[in-house]
Amino acid sequence: MSTADVWHYLLLGLWTTLRLSLASMGVALALGTLIGVLRVSPVPPLRWFAAGYVEFFRDIPLLPVLVFVYSGLPKAGIRLPTSFDSAVAGLGVYTAAFVAEVVRAGLQSVHKGQIEAALSLGMSFFQMIRLVVLPQAFRMMIPPLGTVFIALVKNTSIASAIAVEELLYQAEFVIGRTFADWPMLIAFLLYLVITVPLSGLVNFLERRLRILF
Amino acid sequence: MQVQERPWQTLVGVGIVLLLLPLAFHMKAARFAPFLELSTWRFLFLGLLLTLEASVIAILGSIPLALFFALARHSGPFWLRYPVIVLVEGIRALPLLGLMFYLFLRLSALGRALGLAAVTRPDAAVIVALWLYTGAVNGEALRAAILSLPRGQWEAARSLGLTYGQAMRLVILPQAFRRALPPLVAQFATLVKDTSLGAIIGFIELYRRGVIIFQGERNPMETLYVVSVIYFFINYALGRLVDILERRLGFRRG
């Protein structure tokens, strides 16, 4: 295996890591927003369920969740087409708990008068959330969501355990073939290329928002 | 929109989640049979001890490392400060599993060269990776705690004639450690979860023992469910401890 081959595999892995991160973040945003909204809903059992969902997934490791989806769900007759899909489902469900916390904090940051005004205009709870609160809460949520996304990018490496051919998987594969360990250092560099600019961006946005509010 | 749930409400919610999971995925009562036997629990318990052992070593070991990182970055000379910044930020920006895997490669090579069997084992790589990672995270927590102290503390200490080192040691650090205690406990909960990554390189801790059970019993859903609930209880308790510490030490909104 030549140096060019090593780079070829690692860059393939980087591409899969990026796709996996974005797809999982999509699932996590959709599910997490729903759960975050349920946390402030007027129906107590729904609030409790949402709080329980967040507490449960924040207190358990990601690895059993991924393996549950990958090895467990087929036993229940649920077969996802590829291990990539299993990883998206597992990472999405897990990260949704962290997104939900951000969404809840964002919703709570909106001034009470806004909610009273929306409700007194005759909006329903979900209209009020969707049309009045979420648009205002969203800007407060961007930096912490960035932090969640960075953690998600790092967590995608755990998908190598369920045979998703992402960056860490490819690095291990290449090392198994070449018996050299420098490819892992290149893989580290590629992770840093994603995470370092992202955390710089998060810091920048945090400073900007602090000035704006 | 005041929605701080009470602990019992959150626990009811967790109960709902734990009830919905078996229903949604048609888990079979018969497949929980291994958990009626004491030997299964003993097997898991020994794994849990390994998980806690690795976590305790990493968190205790991380304290001096965190102190070094925080002081070097806060007030070290430039030739120490910049390498430490790069190291701390680098460690925090990398996936822990990658770090573990790399350290496993390097340490097993080192252990073979030195003829030390203990260093070649996955346990060593897991603990060193967790130690470095936690040291970097706690170093930042401690530095944040130092920076969060009011300026008056420094000024009062210096105007009493204490040197910089005395002020740091006698006035600033004791207060900073107090402030850094809740994040330290929270970091311990993270460690308990992160130790499961060691399973991938062959550390036979709690999660890996669950895998061994389900590969024999062919009940991955049921076993992973039980293992996850064990993790949940430990970390839920640690989370409440963090709440108590934050309230006791008096830096919480409510």
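Refer to the preceding data block for the structure.
Along each chain, the written sequence defines residue order, and numbers are assigned to residues from 1. Lettering for chains starts from A, numbering for ligands starts from 1, and both go in the order in which the items are written. Thresholds applied to this predicted model are a pLDDT of at least 70 for local features of residues and 80 or more for the giving and counting of side-chain atom pairs; totals over whole chains, interfaces and linings are not thresholded and use all residues. Remark: hydrogens and water are excluded; side-chain values derive from all non-hydrogen atoms of the structure.

Trainee: Where do I start with the overall build of chain A in this structure?
Mentor: Only DSSP runs of H or I covering at least 4 residues are called helices, and only runs of E covering at least 2 are called strands; the numbering of each starts at the N terminus. The helix and strand inventory of chain A stands at eight helices and zero strands. For chain A, the succession of helices and strands along the chain, N to C, is α-α-α-α-α-α-α-α. Counting over 213 residues, chain A shows a buried share of 51%. For chain A, the proportion of contacts with a sequence separation of at least 24, taken over those separated by at least 6, is 77%. Carbon and sulfur atoms form 67% of the exposed surface of chain A, whose accessible area is close to 9,500 Å². Under the counting rule used here, the positive set is Lys and Arg, the negative set is Asp and Glu, and His together with the chain ends is not counted. Here the site of a charge means NZ on Lys, CZ on Arg, CG on Asp, or CD on Glu. A distance of 11 Å separates the average location of the 15 positive side-chain charges in chain A from that of its 11 negative side-chain charges. Note on exposure labels: buried denotes an accessible area under 20% of the residue type's maximum, exposed denotes more than 50%, and partly exposed covers the range between, all computed with a 1.4 Å probe on protein chains only. A contact between two residues is defined here by any heavy atoms of the two lying within 4.5 Å. All accessible areas in this document rest on Shrake-Rupley with a 1.4 Å probe, and a residue is counted as covered only by the protein chains that are shown.

Trainee: How should the overall build of chain B be read in this particular structure?
Mentor: If you tally the helices and strands in chain B, you get ten helices and zero strands. Listing each helix as α and each strand as β along chain B from the N terminus yields α-α-α-α-α-α-α-α-α-α. Projected onto its principal axes, the C-alpha coordinates of chain B cover approximately 75 × 60 × 30 Å. Taken across its 254 residues, chain B has 49% of its residues classed as buried. Sequence-distant contacts, at least 24 apart, represent 74% of the contacts inside chain B between residues at least 6 apart. A total accessible area of about 12,500 Å² is found for chain B, and carbon and sulfur atoms account for 66% of it. If the 25 positive side-chain charges of chain B are averaged to one point and the 13 negative ones to another, these points end up 6 Å apart.

Trainee: Help me understand a nonpolar patch on the surface, please; the structure alone is not making it clear to me.
Mentor: All names here are of chain A. A surface patch of nonpolar side chains, amounting to about 370 Å² of accessible area, comprises W7, L11, W182 and L185. Mapped by element, the contributors of at least two residues to the nonpolar patch are helix 1 (3–38) and helix 8 (182–212). Within the secondary structure layout, L185 lies in helix 8. On the accessibility criterion, L185 (42% relative accessible area) is partly exposed. Two joining distances apply to patches: 9 Å for like charges and 5 Å for nonpolar side chains (Val, Leu, Ile, Met, Phe, Trp, Tyr), and every residue must have over 30% relative accessible area and no salt bridge. Any Lys or Arg side-chain nitrogen found within 4 Å of a carboxyl oxygen on Asp or Glu counts as a salt bridge.

Trainee: Help me out: how do you make sense of unusual backbone geometry in this one?
Mentor: Peptide bonds are, in most cases, trans, and in most cases residues other than glycine have a negative phi. Residues and elements named next belong to chain A. Positive phi is not limited to glycine here, since A163 has a value of about 65 degrees. Counting through the fold element by element, A163 comes out in the loop between helix 6 (125–155) and helix 7 (167–178). Although it is not a glycine, F179 adopts a positive phi angle of roughly 60 degrees. With respect to the helices and strands, F179 occurs in the loop between helix 7 and helix 8.

Trainee: In this structure, what is going on with the packing of helix 1 of chain A against helix 7 of chain A? I would like to understand it.
Mentor: The angle between the axes and the distance between the axes are what describe a pair of packed helices. Residues and elements named next belong to chain A. Fitting a line to C-alpha atoms yields each axis, with helices limited to the stretch in contact; the angle taken between N-to-C directions then spans 0 to 180 degrees. Interhelical geometry of helix 1 versus helix 7 gives an angle of 160 degrees and a closest axis separation of 7 Å. One element, helix 1, and the other, helix 7, form an angle in the roughly antiparallel class. Crossing geometry of helix 1 relative to helix 7 is assigned as right-handed. Touching V6, Y9, L10, L12, G13, L14 and T17 of helix 1 are L167, Q170, A171, F173, V174 and T178, all from helix 7. Each residue is assigned to one of three groups, with Ala, Val, Leu, Ile, Met, Phe, Trp, Tyr, Cys and Pro labelled nonpolar, Asp, Glu, Lys and Arg labelled charged, and all others, Gly among them, labelled polar. For the contact of helix 1 with helix 7, a count of residues per class yields nine nonpolar, four polar and no charged. If an angle is under 35 degrees, it is roughly parallel; if it is over 145, roughly antiparallel; if it lies from 65 to 115, roughly perpendicular; otherwise it is oblique. Crossing handedness: left-handed means the near helix sits turned counterclockwise from the far one by under a right angle, and right-handed means the same turn made clockwise.

Trainee: For this particular structure, what's the right way to read the pattern of salt bridges?
Mentor: For side chains of opposite charge, pairing can occur when their charged atoms come near one another. All names here are of chain B. Inspection of every chain in the model, using the stated rule, returns 13 salt bridges over all chains. Note that E89 and R92 form a salt bridge whose closest N and O atoms lie 3.4 Å from each other. Taken together, the residues E89 and R92, both in helix 3 (residues 78–93) and three residues apart, mark about one turn of the helix. Taking the relative accessible area as the measure of exposure, E89 reaches 29% and is therefore partly exposed. We note a salt bridge from R121 to D123, for which the minimum N-O separation is 2.8 Å. Classification of R121 as partly exposed rests on a relative accessible area of 46%.

Trainee: Before we go on, may I ask you to explain the interface of chain B and chain A in this structure?
Mentor: A common way to state how big an interface is: give the accessible area lost once the parts meet. Taken together, the 47 residues of chain B in the interface contact 48 residues of chain A. Between chain B and chain A the total buried area reaches about 4,300 Å² when both faces are included, carbon and sulfur atoms providing 76% of it. Applying the counting rule to chain B against chain A returns two salt bridges. Linking D181 of chain A and R106 of chain B is a salt bridge whose minimum nitrogen-to-oxygen distance equals 3.5 Å. Once two parts are joined, some of their accessible surface, as seen by a 1.4 Å probe, is lost; buried area is that loss totalled over both.

Trainee: Even after reading the chapter, I still don't get the layout of surface pockets, so can you show me in this structure?
Mentor: Over the atoms, a rolled probe matching the size of one water molecule traces out where space is still vacant. By volume, the second largest pocket is sized at about 370 Å³. Grid spacing is 1 Å over the protein atoms alone, the probe is 1.4 Å, and a cavity is where that probe fits but cannot get out, while a pocket is an open set with protein on both sides within 12 Å along at least five of seven lines and lining residues have an atom within 4 Å of a point. The wall of the second largest pocket is formed by 22 residues, among which F57, F68 and V93 of chain A together with L21 and F25 of chain B lie closest to the centre. Broken down by secondary-structure element, the contributors of at least two residues to the lining of the second largest pocket are helix 2 (44–59), helix 3 (62–72) and helix 4 (83–109) of chain A together with helix 1 (7–24) and helix 10 (220–248) of chain B. Among the residues making up the lining of the second largest pocket, the classes are represented as 20 nonpolar, two polar and no charged. Grid points are joined across faces, edges and corners, and a volume is the space filled by probe spheres set on the points.

Trainee: How should I be thinking about the environment of R139 of chain A in this particular structure?
Mentor: Residue and element names in this part refer to chain A. Tracing the sequence through the fold places R139 in helix 6. For R139, a relative accessible area of 41% gives the class partly exposed. Taking the C-alpha atoms as reference points, R139 and V193, separated by 54 residues in sequence, lie 25 Å from one another.

Trainee: Looking at this structure, I do not really get the packing of aromatic side chains. What am I missing?
Mentor: Here a ring pair, both rings aromatic, is described through the centre-centre distance and the interplanar angle of the planes. Only Phe, Tyr and Trp rings take part, Trp by its six-membered ring, and two of them pair if their centres are within 6.5 Å. Stacked means planes under 30 degrees apart, edge-to-face means over 60, and tilted covers everything else. Applying the stated criterion to the full structure yields 16 aromatic pairs over all chains. Arranged with centres 5.6 Å apart and planes meeting at 70 degrees, the rings of F68 of chain A and F25 of chain B form a pair that is edge-to-face. Of this pair, F68 of chain A sits in helix 3 while F25 of chain B is found in the loop between helix 1 and helix 2 (38–75), placing the two residues in two different chains. No difference in accessibility class separates F68 of chain A from F25 of chain B, as the two residues are buried. Here the aromatic cluster, defined as three or more aromatic residues joined through ring pairs, consists of F49, Y53, F56 and F57 of chain A together with F232, F233 and Y236 of chain B. Sitting over a ring, as applied to charges here, requires NZ of Lys or CZ of Arg to be within 6 Å of the ring centre and within 35 degrees of the ring normal. When the ring centre of F43 of chain B is taken as reference, the NZ or CZ atom of R209 of chain B above it lies at 4.8 Å.

Trainee: I would appreciate a short explanation of the side chain of E205 of chain B in the present structure.
Mentor: Residues and elements named next belong to chain B. Mapped onto the elements of the fold, E205 is located in the loop between helix 8 (164–194) and helix 9 (206–217). No salt bridge forms around the buried E205; measuring N to O, its nearest opposite-charge neighbour R208 is 6.7 Å away. At 3.2 Å, the side chain of E205 and the side chain of Y231 are in polar contact. Residues within four places of E205 in sequence aside, it is in contact with G47, L50, T51, T195, S196, A199 and Y231. Two N or O atoms count as a polar contact when they lie within 3.5 Å, although within protein this holds only if one can serve as hydrogen donor and the other as acceptor, and sequence-adjacent residues are included solely when both atoms are side-chain atoms.

Scope: geometric values only; no functional claims are made or implied.
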